[in-house]
Amino acid sequence: MNVRTRIAPSPTGFPHIGTIYQVLIDYAYARKHTGKFILRIEDTDRMRFVEGAEEVIYKALSWFGLDADEDPRVGGPFAPYRQSERLDMYKKYAEILLTNGHAYHCFCTRERLEQMRKDQEANHQAPMYDKLCLKLSKDEVRKKLEEGLPHVIRMNVAEHEKIIVHDLISGDVEFDSSVIDHQVIMKSDGFPTYHLGVVVDDHLMEITHVFRGKEWLPSTPKHVLLYKYFGWEMPVHAHLPLILNEDGKGKLSKRHGHASVEYYQKLGYLPEAVLNYLSNIVWNHPEGKEMYTLKEFIKYFDITQITSQAPRFDLKKLDWVNSHYIKSMPEEELIKRLLAFDSRIPNDHSVLKKIIPLVKERIHTLSEFWSLAGFFYEKPSVFETPKMADMVSALKNVLEKTKWSHDAMEAAIREKVEKENWKVKDFFMQLRIAVTGKTVGPPLLESLVVLGKEETLSRLS
Ligand code: GLU
């Protein structure tokens, strides 16, 4: 079998980190089976369409190194890959359903549908279309169409039919067709709804495996029916567990900044660390490893071993994973990433090679580099606590006379502190604040060695 997986995002805003986790699974599965990973843009909901969102999706996928093999930009054998450019196809397949009696025209007005919904709500009934237009005769329909009345096309779902969704992760899930709404499949604007678009495209694009979030599971019985109506073989489906908020309540919501991919890009997370974390919250490495490369994930991963339990998103754990990646990254590589990330960092490898060993154990993200090591490049202008002028000038006098090495500075400082009966801790803290502006930072005397005598003394002045 030629494995073909796909991600089908709607261009409605900045991609959610949950989308990347789905992409990761789709991408890994395709790579594992030497198949293809496809990106299709589902832009049929014109109300939610956001200009530029498609570009952002490409950028996000590239950032993670998960580019698709076929997409609207690079094209492919099943182009176009943007649903708004495939309207003729949906029209053709809707006609087939109409001809076979699996769909019908509906002319109900918005007002009527609103009233129906209100009545259902008042009677504590589930909101569903009451099938009024199903009763129209062929002639009545023809007349209304000739009159040019606005209409939609709905799916005709037989009652009391058992529908089984075969899911690779959750097993067989059973639904009763009586609870399935006569869903609109074609809107009055000529655009299909998600259900028709997704089934037609997954079929025509020869998708073999549909991996998507569990929130889509209630839609899948409708898709099972559509595949049946068309007489098509249904791709394998797996509904991935949703990523929950840290407190375990609800899907990781947009309220949290870190639901958006942009958050990770802006704060300087490493894409490979984020992918490692995302895979590890739903899957266990056979050797119990927590850190592994994407290549290793692809090698060992088995879709049926994805947990069906929804994981919580633990940002602290991700920080820990990210800091591990920073610590273990070859120095030249880390320099490259830092320079690409933060334009304030001067491109001087020899200086960076002195600073990095002092800070790399202490940062979780690339953005923390500047907050911790910015003082090497810029004099501080803000000081975290008031300076103690007498100690600072005493420090300057002491350091002026010492040799510029860690041990010589330490000995001189201790001697002075003893003589004056000051606390060593206070003395060092004043030195740190005067030179770096902050109360915490990398090892101090090692940092002063890198900063140099002249610069240190000028800051103390
Ligand atoms: N357009 C849907 C979305 O925005 C696709 C869902 C699916 O994968 O079937 O996620």
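Our structure's up above, just so we're on the same page.
I will try to describe carefully the structure that is included in this document. Remember, it's a predicted structure, so these values are computed and weren't measured experimentally. (Residues numbered from 1 in each chain as written. Predicted model: local features only at pLDDT ≥ 70, side-chain atom pairs only at ≥ 80, totals over all residues. Heavy atoms only, no water.)

## Thoughts on the packing of helix 6 (residues 194–204) against helix 7 (residues 220–230)
Let me state the cut-off plainly: For helices, the axis comes from a line fit to the C-alpha atoms of the stretch in contact; other axes are also lines fit to C-alpha atoms, and the angle between any two N-to-C directions lies between 0 and 180 degrees. Secondary structure elements are defined from DSSP: runs of H or I of at least 4 residues count as helices, runs of E of at least 2 residues count as strands, and each element is numbered from the N terminus. Oblique is the label for any angle not under 35 degrees, not over 145, and not in the 65 to 115 range, which are roughly parallel, roughly antiparallel and roughly perpendicular in turn. In this scheme, a crossing is called left-handed if the near helix is turned counterclockwise away from the far one by less than a right angle; it is called right-handed if the turn is clockwise. A contact between two residues is defined here by any heavy atoms of the two lying within 4.5 Å. Residue polarity is assigned by list, with Asp, Glu, Lys and Arg as charged and Ala, Val, Leu, Ile, Met, Phe, Trp, Tyr, Cys and Pro as nonpolar; anything else, Gly included, falls into the polar class.
Relative to each other, helix 6 and helix 7 sit at 55°, their axes nearing to 10 Å. One way to sum up the angle between helix 6 and helix 7 is to call them oblique. Considering only the axes of helix 6 and helix 7, their crossing is right-handed. Contact residues: Tyr194, His195, Leu196, Val198, Val199, Val200, Asp202 and His203 in helix 6; Lys222, His223, Leu226, Tyr227 and Phe230 in helix 7. For the contact of helix 6 with helix 7, the residue count by class is eight nonpolar, three polar and two charged.

## Details of the site of the ligand
Stated precisely, the cut-off is as follows: Any residue with a heavy atom lying within 4 Å of a molecule or strand is counted as near it. Two N or O atoms count as a polar contact when they lie within 3.5 Å, although within protein this holds only if one can serve as hydrogen donor and the other as acceptor, and sequence-adjacent residues are included solely when both atoms are side-chain atoms. Here, Shrake-Rupley sampling with a 1.4 Å probe gives the accessible areas, and only protein chains in the shown set may cover a residue.
Taken together, Arg6, Ala8, Ser10, Glu42, Tyr194, Val198, Arg212 and Trp216 form the complete shell of residues around the ligand. Within the backbone of Ala8, one N or O atom sits 2.8 Å away from a nitrogen atom of the ligand. In this structure, Ser10 approaches the ligand through a side-chain N or O atom, which is 3.2 Å from an oxygen atom. The protein chains hide 84% of the 300 Å² of surface that the ligand would expose on its own.

## Some words on the layout of surface pockets
Stated formally: Every definition here rests on a 1 Å grid over the protein atoms only: cavities are sets of points where a 1.4 Å probe fits but cannot get out, pockets are open sets enclosed by protein on both sides within 12 Å along at least five of seven lines, and lining residues have some atom within 4 Å of a point. Grid points are joined across faces, edges and corners, and a volume is the space filled by probe spheres set on the points.
Computed from the structure, the largest pocket encloses a volume of approximately 1,100 Å³. Forming the walls of the largest pocket are 37 residues, and the residues nearest its centre are Pro9, Ser10, Thr12, Arg48 and Trp216. Those elements that provide at least two residues to the lining of the largest pocket are strand 1 (4–7), helix 1 (17–32) and helix 6. Sorting elements by how many residues they give to the lining of the largest pocket places helix 1 first, with four residues. Partitioned by chemical class, the residues of the lining of the largest pocket number 15 nonpolar, eleven polar and eleven charged. For the lining of the second largest pocket, the elements supplying multiple residues, two or more each, are helix 4 (110–122) and strand 4 (152–155). A per-element tally of the lining of the second largest pocket places helix 4 first, with four residues. Split into classes, the residues belonging to the lining of the second largest pocket amount to eight nonpolar, four polar and seven charged.

## Remarks on empty space enclosed by the protein
Evaluation of the coordinates by the stated rule reveals one cavity of 30 Å³ or more. In this structure, the largest cavity encloses a volume near 30 Å³. Lining the largest cavity, in full, are Ile7, Pro9, Pro15, Thr19, Ile20, Val23, Leu39, Ile57, Ala60 and Leu61. Contributions of two or more residues to the lining of the largest cavity are made by helix 1 and helix 2 (53–63). Along the lines of polarity and charge, the residues of the lining of the largest cavity split into nine nonpolar, one polar and no charged.

## Describing the pairing of strand 5 (residues 162–167)
On any regular strand, side chains alternate: one points to one face of the sheet, the next to the other face. The cut-off we apply is this: For every residue, the accessible area (1.4 Å probe, protein chains only) is compared with the maximum for its type, and the residue is labelled buried under 20%, exposed over 50%, or partly exposed between those bounds. Here, a strand pair is defined by DSSP locating no fewer than two bridges between the strands.
Side chains Ile163, Val165 and Asp167 of strand 5 all project onto a buried face; the interleaved residues Lys162, Ile164 and His166 project onto a face where none is buried. As paired elements, strand 5 and strand 6 (residues 171–176) share six bridges and run antiparallel to each other. Along strand 6, the bridge assignment pairs Ile163 with Phe175. Connecting strand 5 to the next strand, strand 6, in antiparallel fashion are three residues.

## A closer look at the nonpolar core
We count it as follows: What is meant by a nonpolar core is a set of buried Ala, Val, Leu, Ile, Met, Phe, Trp, Tyr and Cys residues, joined one to another through side-chain atoms within 4.5 Å.
With 92 residues, the main nonpolar core has Ile17, Leu278, Phe313, Phe369 and Leu431 as its most contacted residues. Looking at which element gives the most residues to this core, the answer is helix 1, with ten residues. When residues no more than four places from it in sequence are discounted, the contact partners of Leu431 are Leu395, Leu399, Ile413, Leu444, Leu445, Leu448 and Leu460. Grouped together as the second largest cluster of nonpolar side chains are 28 residues, Ala94, Ala103, Tyr227 and Tyr229 included.

## Notes on helix 13 (residues 349–359)
Rules: What the arc measures is the spread of directions leading from the helix axis to the C-beta atoms.
Along helix 13, the residues classified as buried are Leu352, Ile355, Ile356, Leu358 and Val359. Here the buried residues of helix 13 occupy an arc of 160° about the axis, which is enough to place them on one side. For helix 13, the secondary structure elements touched by its buried residues are helix 12 (331–341), helix 14 (367–373) and helix 18 (444–451).

## With respect to unusual backbone geometry
Of note, the bond from Ala79 into Pro80 is cis; its omega dihedral lies within 30 degrees of zero at 0°. Non-glycine residue Lys131 carries a positive phi angle of around 65°. Considering the arrangement of structural elements, one finds Lys131 in the loop between helix 4 and helix 5 (138–146). A relative accessible area of 22% means that Lys131 is categorised as partly exposed. Positive phi values are uncommon outside glycine, yet His160 reaches one of about 50°. Tracing the chain through its elements places His160 in the loop between strand 4 and strand 5. With a relative accessible area of 63%, His160 lands in the exposed category.

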